[in-house]
Amino acid sequence: MELGDKIKYKRTLLQLTQEELANRCELTKGYISQLENNKTSPSIETLTHILEVLGTSLSDFFHEEVHPQIVFGIEEQYDKEFNDYLQTWLVPTSQMLTMEPVLVTINVGGKTVKDMPHNGEEFGYVIKGMIEVCYGNDKHICNEGEAFYITTNKIHYINNIGSIEAKVVWVSTPPNF
């Protein structure tokens, strides 16, 4: 949004006419009109005074609210191939966030790399197939439509023990993949 548009927006929020704003700022209505139509630029001093009348400051006026990305398209995902599986990062910036969701596609008879103990937690949901969650010395079968949840204080990995390719949405916190 351009400077004049922002000033007009603030003015209309306060239900002031151009003439009322001009009078309060000791300016002309024509000057306010030119300013709002982006036909002139005010000095810093004049802009500061206008913004004071509009109930804001230079820093607040120019502060642009950052809107985080909410939806991530297929074209933003990226893959990394391993011997027995493919790992797809579903949110490309997740390594800088609190959680890291990935889609793991494991070939028949394949397994993920053994993940050494670390701080954190991991959650997985089996979209397709049947896997074995290996957690320390324990092994747990997890079928399509089922989920697993572990703390990551033991060696952990998953095996595809089914007869078809397995797909698992796997979320790690903090990011670890």
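Preceding block: the structure.
Every value quoted in this text rests on a predicted model; they were computed, and no experiment measured them.

Check the secondary structure of the chain and you find five helices and nine strands. Mapped in sequence order, the helices and strands of the chain form the string α-α-α-α-α-β-β-β-β-β-β-β-β-β. A compact globule built from 177 residues would reach a C-alpha radius of gyration of about 16 Å, whereas the chain, at 28 Å, exceeds it by more than 25%. Projecting the C-alpha coordinates of the chain onto the three principal axes gives extents of approximately 80 × 30 × 25 Å. Burial status across the chain gives 34% buried among its 177 residues. Long-range pairs, those at least 24 residues apart, make up 58% of the contacts in the chain between residues at least 6 apart in sequence. Summed over all atoms, the accessible surface of the chain reaches about 10,900 Å², with 52% contributed by carbon and sulfur.

Following the criterion strictly, the structure yields four aromatic pairs and no others. Both rings, one in Tyr78 and one in Trp89, keep their centres 5.0 Å apart while their planes meet at 5°; by these two values the pair is stacked. Of this pair, Tyr78 sits in strand E1 (residues 78-81) while Trp89 sits in strand E2 (residues 85-89), and the two are 11 residues apart along the sequence. Residue classification places Tyr78 among the partly exposed residues on the basis of a relative accessible area of 31%. Here Phe82 and Tyr85 contribute two aromatic rings whose centre-to-centre distance is 4.5 Å and whose plane-to-plane angle is 10°, an arrangement assigned as stacked. A residue is classified by how much of its surface remains accessible, and Phe82, at 27% relative accessible area, is partly exposed.

Let us now look at the sheet that holds E2. Strand order in the open sheet formed by six strands is E1-E2-E3-E9-E4-E7, and the pairing between neighbours is antiparallel. Since the sheet does not close on itself, it has two edges, and those belong to E1 and strand E7 (147-151), each with one partner. Within the sheet, the average angular offset between the axes of one strand and its neighbour, ignoring direction, is 20°. Note: strand E4 (residues 121-128) against E7, five bridges, orientation antiparallel. Paired with Gly124 across the two strands is Phe148, which belongs to E7.

A cluster of nonpolar residues, Phe123, Tyr125, Ile127 and Tyr149, forms a patch on the protein surface that exposes about 390 Å² of accessible area. When residues of the nonpolar patch are assigned to their parent elements, the largest contribution, three residues, is made by E4. Residue Ile127 is classed as partly exposed on the basis of its relative accessible area, which comes to 39%.

The subject of this paragraph is the sheet that holds strand E6 (residues 138-143). An order of E6-E5-E8 is seen for the three strands of this open sheet, with the pairing classed as antiparallel. The open sheet has two free edges, formed respectively by E6 and strand E8 (156-160), since each of these has just one partner strand. The mean inter-strand angle of the sheet, taken between neighbouring strand axes irrespective of direction, is 25°. Two elements, strand E5 (residues 130-135) and E6, share six bridges in a ladder whose sense is antiparallel. Residue Glu132 lies in a different strand from E6, and its bridge partner there is Ile141.

Cut-off values and rules
Residues numbered from 1 in each chain as written. Predicted model: local features only at pLDDT ≥ 70, side-chain atom pairs only at ≥ 80, totals over all residues. Heavy atoms only, no water. Helix = DSSP H or I, 4+ residues; strand = E, 2+ residues; numbered from the N terminus. Rg over C-alpha atoms; globule rule 2.2 N^0.38 Å. Buried < 20%, exposed > 50% of the residue type's maximum accessible area, 1.4 Å probe, protein only. Contact = heavy atoms within 4.5 Å. Areas by Shrake-Rupley, 256 points an atom, 1.4 Å probe, with all protein chains shown as cover. Phe/Tyr/Trp six-rings, centres within 6.5 Å; stacked < 30°, edge-to-face > 60°. Pairing = 2+ DSSP bridges. Axes fitted to C-alpha atoms, helices over the stretch in contact; angles between N-to-C directions. Patch = residues over 30% accessible without salt bridge, like charges linked within 9 Å, V, L, I, M, F, W, Y side chains within 5 Å. Salt bridge = Lys/Arg side-chain N within 4 Å of Asp/Glu carboxyl O.

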